[in-house]
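Understanding the architecture of this molecule
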Amino acid sequence: MSLNQTPSAERVHIGFFGMRNAGKSSLVNAVTNQDMSIVSPVAGTTTDPVRKTMELLPLGPVVIIDTPGLDDEGDLGAQRVEKTLRTLETIDAAVLVIDGTKGMSEQDRRILQALRNGKIPHVVACSKADLEGFALIDGSASTADAAAAAHRNVVAVSSATGQGVEELKNLIAAVAAKDQEDERYVIGDLVKPGDVVVLVTPIDGSAPKKRMIMPQQMCIREVLDAHGLVCVSQETELAALLDTLKADPALVVTDSQVFGTVSQIVPDRIPLTSFSILMARYKGNLDAQLRAVAALDDLQDGDRVLISEACTHHRQCEDIGTVKIPKWITAHTGKDVTFDFTSGGHFPDDLSPYRLVVHCGGCMVTEKEMRSRMKRASLQGIPFTNYGMLIAQVNGILERATRHLP
């Protein structure tokens, strides 16, 4: 997969924060080397987070996010600031841009503390280094000691002259890379050289035209990287495929919506799981979601369930999120449950009306955002599980689908 084809959720997300007219947008344009954001002397020109995918060497594929000013005013301004703060939940690294001719504001201090509290790797960029009155900021006060400031990942920059821009890129790459050192796998650590892995991928009305969905692509690539062998089929051809193999496959991975059918075809001796369960493991929250799925059996008449998808797509008549999962939950519990649905970037702050949250595998959002959504539910005492685990539970095969996962 080329850098340009790297999905947004698999890129390092880098957010630029600061006051209005601190020079964020100009600096973002200088870092990306293109006119990504509109630049104007009028305060508040950036009204929504602006995203740009690019390659930032030596880090690799990234998403650069330019955010509205932290000091935006009025009702709309407050909403923009809220969006800016919400961005903190999705990023892997941050650049706090401080106007070097004015010094650090109270809002700057608050965002810096939020970055520290959230353990988000960050760099402080003191902008407008070419202007009279500029002073380097060390993260707490003005200082002329550039060496001391550099030790704290602080750099003087000028978008007008290019001063410090390359140094800033290198600092961003350095702090972000430290947070990416632990390699994560969807399936690669479950496969040995020569293992045969079977992927079951239904092609129905909801399948993307002429392409595979991202978890399927990731599994194929990781099996190949592990020097394994990949076989792919629909559930209708699965039995014939298994009959052609000389030995049992090391693992069968299925789309969750045909979990029940596939579990009847694949003998119990063969390890079986789903793409959705593997994604929960990949995002680092498998155990918590396994515990949460037990709440399904506690649902009562009148309870509300939130079904949430991280991506947006055209809904089909047999859509898994809005049609199939509600049917399965109703049939499994025998209760009169009410369902609400969200998709894309929208995920409620207040989850108190719900007895259970059922989320997709989260392949289109970052690990940080999935963890943020789970944390929001946990703090409110709401069980949070995902499609694959719920579907395995209603089919009575959850233990089988997870027993072989480390």
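Please refer to the structure higher up on the page.
Cut-offs used in this document
- Residues numbered from 1 in each chain as written.
- Predicted model: local features only at pLDDT ≥ 70, side-chain atom pairs only at ≥ 80, totals over all residues.
- Heavy atoms only, no water.
- Helix = DSSP H or I, 4+ residues; strand = E, 2+ residues; numbered from the N terminus.
- Buried < 20%, exposed > 50% of the residue type's maximum accessible area, 1.4 Å probe, protein only.
- Areas by Shrake-Rupley, 256 points an atom, 1.4 Å probe, with all protein chains shown as cover.
- Axes fitted to C-alpha atoms, helices over the stretch in contact; angles between N-to-C directions.
- Parallel < 35°, antiparallel > 145°, perpendicular 65-115°, else oblique.
- Contact = heavy atoms within 4.5 Å.
- Nonpolar A, V, L, I, M, F, W, Y, C, P; charged D, E, K, R; others polar.
- Polar contact = N/O pair within 3.5 Å; in protein donor to acceptor, adjacent residues only side chain to side chain.
- Core = buried A, V, L, I, M, F, W, Y, C linked by side-chain atoms within 4.5 Å.
- Pairing = 2+ DSSP bridges.
- Left-handed = near helix turned anticlockwise from the far one by under 90°.
- Salt bridge = Lys/Arg side-chain N within 4 Å of Asp/Glu carboxyl O.
- Phe/Tyr/Trp six-rings, centres within 6.5 Å; stacked < 30°, edge-to-face > 60°.
- Lys NZ or Arg CZ within 6 Å of the ring centre and 35° of its normal.

**Looking at the overall build of the chain**
- Counting its regular elements, the chain contains 14 helices and 14 strands.
- Taken over 406 residues, the chain has a buried fraction of 53%.
- By element, 50% of the accessible surface of the chain is carried by carbon and sulfur atoms, the whole surface being about 18700 Å².

**Some details on the packing of helix α6 (residues 214-225) against helix α9 (residues 275-282)**
- Viewed as axis vectors pointing N to C, α6 and α9 meet at an angle of 75°, and their least axial separation amounts to 10 Å. Of the possible angle classes, the one that applies to α6 and α9 is roughly perpendicular. When α6 is examined against α9, the residues P215, Q216, M218 and C219 are found in contact with a partner set consisting of F275, L278, M279 and Y282.
- A per-class count over the contact of α6 with α9 returns seven nonpolar, one polar and no charged.

**What about helix α11 (residues 320-333)?**
- Those residues of α11 not exposed but buried are I320, G321, V323, K324, I325, P326, I329 and T333.
- The inward-facing, buried residues of α11 abut β11 (304-309), β12 (338-343) and α13 (387-394).
- Its side-chain oxygen 3.2 Å from the backbone nitrogen of G321, D319 forms the N-cap of α11.
- Positioned one or two residues after α11, G334 has a phi angle of 70°, which is positive.

**Concerning the nonpolar core**
- Judged by nonpolar contacts, the single largest core of 70 residues is most densely connected at I187, V305 and L390.
- Setting aside its immediate chain neighbours within four residues, I187 contacts V197, C219, E222, V223, L251, V253, L278 and R281.
- L59, V95, A125 and A176 belong to the second largest nonpolar core, which has 27 residues in total.

**What to know about the sheet that holds strand β2 (residues 50-56)**
- Read across the open sheet, the six strands follow the order β2-β3-β1-β4-β5-β6; overall the sheet is mixed. Each of the sheet's edge strands pairs with one partner strand only, and the pair in question is β2 and β6 (154-156). The average angle at which neighbouring strand axes cross in this sheet is 25°, direction not considered.
- Pairing geometry for β2 and strand β3 (residues 60-66), over seven bridges, is antiparallel. Considered in β3, the bridge of V50 is made with D66.
- Its contacts with the sheet put helix α3 (residues 106-117) on β1 (12-18), β4 (93-99) and β5 (122-127), and the angle it makes with β4 is roughly 165°.

**Topic: unusual backbone geometry**
- Phi at N21 takes a positive value of approximately 65°, unusual for a residue other than glycine.
- By the element assignment, N21 lies in the loop between β1 and α1 (24-32).
- The exposure class of N21 is partly exposed, given its relative accessible area of 32%.
- Positive phi, normally seen in glycine, also occurs at K128, with a value near 65°.
- Structurally, K128 can be placed in the loop between β5 and α4 (146-151).

**Structural notes on the packing of α11 against α13**
- Packing of α11 against α13 leaves a shortest axis separation of 10 Å and a crossing angle of 35°. Taken as a pair, α11 and α13 cross one another with a handedness that is left-handed. The residues of α13 that touch α11, namely those facing I320, G321, I325, W328, I329 and H332, are Y387, L390, I391, Q393 and V394.
- Residues belonging to the contact of α11 with α13 are distributed by class as follows: eight nonpolar, three polar and no charged.

**A short note on the pattern of salt bridges**
- Inspection of every chain in the model, using the stated rule, returns 20 salt bridges.
- Put simply, R281 and D189 hold a salt bridge, and the shortest N to O gap is 2.3 Å. Of this pair, R281 sits in helix α9 while D189 sits in the loop between α5 (165-178) and β7 (196-200), and the two are 92 residues apart along the sequence.
- The exposure class of R281 is buried, given its relative accessible area of 14%.
- When salt bridges with common partners are traced through the structure, they connect E82, R86, E89, D349 and R376 into a single cluster.

**Description of the packing of aromatic side chains**
- A complete count under the given rule lists one aromatic pair for this structure.
- Where F347 meets F384, the ring centres are 6.3 Å apart and the plane angle is 65°; that geometry is what we call edge-to-face. Residue F347 is located in the loop between β12 and β13 (356-359), and its partner F384 is located in strand β14 (residues 384-386); the two are separated by 37 residues in the primary sequence.
- The buried category is assigned to F347, whose relative accessible area is 5%.
- The buried category is assigned to F384, whose relative accessible area is 3%.
- When the ring centre of Y282 is taken as origin, the NZ or CZ atom of R184, which lies over that ring, is 4.2 Å away.

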